[in-house]
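These are the residues of each chain, in order.
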Amino acid sequence: MNVQKHTFSFDLEGMEVEEVVRSVFHTVLLHRCYAKISVKEGGNTWTVGAAGLTDEDCESIEVTYTRVSCDEVVNKVNQPIQAFVKQLRSGQSSERGTGSVALEFHEQKRAKWGVFASDPVPWEIWIVHVNLTSFDTETARSAHRDKLTQAVTDAIFYINDTMVNPDTYKPKLARTGDFDQILDMQCPLLTPHHFRVHYSTCNDDPVQATMGGAVKKILKDTLAL
């Protein structure tokens with residue numbers, strides 16, 4: 001399976017990283033979550049409930065993005081982003097750190113006896129590459145944030161345009177018996193595609209042990225840019 005890869009690169013001050021990455025990843029997830037899907041007894045029919053949405057205002061830049069209203073999904077994204085920011089800003093050269101964080105969507109392929117294989121198969125990866133920077137004057141910082149606001153807005157528009165493009169790949173929900181290979185059916189309020197967040201920085205081992213092979217190579221190549 002060919003993995004669809006989308007990469008954004010930003011020069012950011014430390015305090016901006018979390019908000020910028022959240023705005024990108026939550027916009028992506030908005031399109032990769034369904035309202036709660038319930039498979040009826042017998043497995044031949046299914047129903048879709050209603051999904052809640054929340055508008056989120058960024059504090060460091062003038063950007064508002066929409067995310068799903070589901071604590072389980074939000075925390076699954078935000079917690080590794082916070083860990084990424086902490087790792088990125090650690091070390092003696094934290095003001096000039098670099099790193100990449102990836103939102104991976106994958107399928108859980110079945111191995112023998114119907115058990116899921118240990119290494120999921122990615123089909124889409126969204127990467128945010130960050131170069132930490134700093135500014136000596138408020139004039140320079142203000143000019144930077146004006147440009148950053150436009151860059152993040154452009155990224156959000158790109159995501160939305162990509163998601164409505166009929167050529168953008170997404171696994172088909174053909175049989176209810178295969179739903180759990182494609183979707184997280186355990187989430188209580190929504191039904192998202194299976195996803196996970198990875199990160200790598202100049203301050204740690206460039207390849208995390210928990211990453212699949214495809215993501216390892218992509219993040220390693222991104223950090224080498």
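All figures in this text were calculated on a predicted structure; none of them were measured in a lab.

The rules behind each value
- Residues numbered from 1 in each chain as written.
- Predicted model: local features only at pLDDT ≥ 70, side-chain atom pairs only at ≥ 80, totals over all residues.
- Heavy atoms only, no water.
- Helix = DSSP H or I, 4+ residues; strand = E, 2+ residues; numbered from the N terminus.
- Polar contact = N/O pair within 3.5 Å; in protein donor to acceptor, adjacent residues only side chain to side chain.
- Contact = heavy atoms within 4.5 Å.
- Phe/Tyr/Trp six-rings, centres within 6.5 Å; stacked < 30°, edge-to-face > 60°.
- Buried < 20%, exposed > 50% of the residue type's maximum accessible area, 1.4 Å probe, protein only.
- Lys NZ or Arg CZ within 6 Å of the ring centre and 35° of its normal.
- Pairing = 2+ DSSP bridges.
- Core = buried A, V, L, I, M, F, W, Y, C linked by side-chain atoms within 4.5 Å.
- Expected span 1.5 Å × (residues − 1).

**So, the side chain of threonine 149**
Part 1: Of note, threonine 149 is situated in helix H3 (residues 138–164).
Part 2: In terms of polar contacts, threonine 149 uses its side chain to reach the backbone amide nitrogen of glutamate 62, at 3.4 Å.
Part 3: Ignoring sequence-local partners within four residues, the contact set of threonine 149 consists of Ile61, Glu62 and Val63.

**Examining the packing of aromatic side chains**
Part 1: Under the counting rule described, the total for this entry stands at 7 aromatic pairs.
Part 2: Ring centres 5.8 Å apart and planes at 85 degrees place the aromatic pair phenylalanine 8 and tyrosine 158 in the edge-to-face group. Placement of phenylalanine 8 in strand S1 (residues 4–12) and of tyrosine 158 in helix H3 is noted, with a sequence separation of 150 residues between them.
Part 3: Residue class for tyrosine 158 comes out partly exposed when judged on its relative accessible area of 37%.
Part 4: Their ring planes at 40 degrees and their centres at 5.8 Å tell us that phenylalanine 105 and tryptophan 123 sit as a pair that is tilted. Taken together, the residues phenylalanine 105 in strand S7 (residues 98–107) and tryptophan 123 in strand S8 (residues 121–132) connect sequence positions 18 residues apart.
Part 5: With a relative accessible area of 0%, phenylalanine 105 lands in the buried category.
Part 6: Among the residues examined, tryptophan 123 registers a relative accessible area of 0% and is labelled buried.
Part 7: Site record: aromatic cluster; members linked through ring pairs are Phe105, Trp123, Tyr169 and Phe195.
Part 8: Sitting above the plane of the phenylalanine 195 ring, lysine 76 keeps its charged end 4.4 Å from the centroid.

**Points about the pairing of S7**
Part 1: In terms of residue burial, S7 counts as a mostly covered element, since 9 of its 10 residues are buried.
Part 2: In the sheet, S7 pairs with S8 via 10 bridges, with the strands oriented antiparallel. Residue pairing for S8: histidine 106 is matched across the bridge by proline 122.
Part 3: Judged from the 7 bridges that link them, S7 and strand S10 (residues 195–201) form a sheet pairing that is antiparallel. The residue bridging glutamate 104 from the neighbouring strand is arginine 196, located in S10.

**Focus: the nonpolar core**
Part 1: The biggest cluster of nonpolar side chains holds 42 residues, and the ones touching the most others in it are Phe10, Val17, Phe25, Val73, Leu103 and Trp126.
Part 2: Counting only elements with at least two residues in this core, the list comes to S1, helix H1 (17–30), strand S6 (64–68), helix H2 (71–88), S7, S8, H3 and S10.
Part 3: Residues Phe179, Ile182, Leu183 and Met185 belong to the second largest nonpolar core, which totals 5 residues.

**Focus on H1**
In an α-helix there are 3.6 residues to a turn, and that puts residues three or four apart on one side.
Part 1: Over its 14 residues, H1 runs 20 Å from end to end, which matches the ideal 20 Å to within 8%, given 1.5 Å per residue.
Part 2: Burial analysis of H1 places 12 of its 14 residues in the buried class, the great majority of the element.
Part 3: Taken as a whole, H1 has its buried residues at Val17, Glu19, Val20, Val21, Arg22, Ser23, Val24, Phe25, His26, Thr27, Val28 and Leu29.

All we've got here are geometric facts, nothing functional implied.
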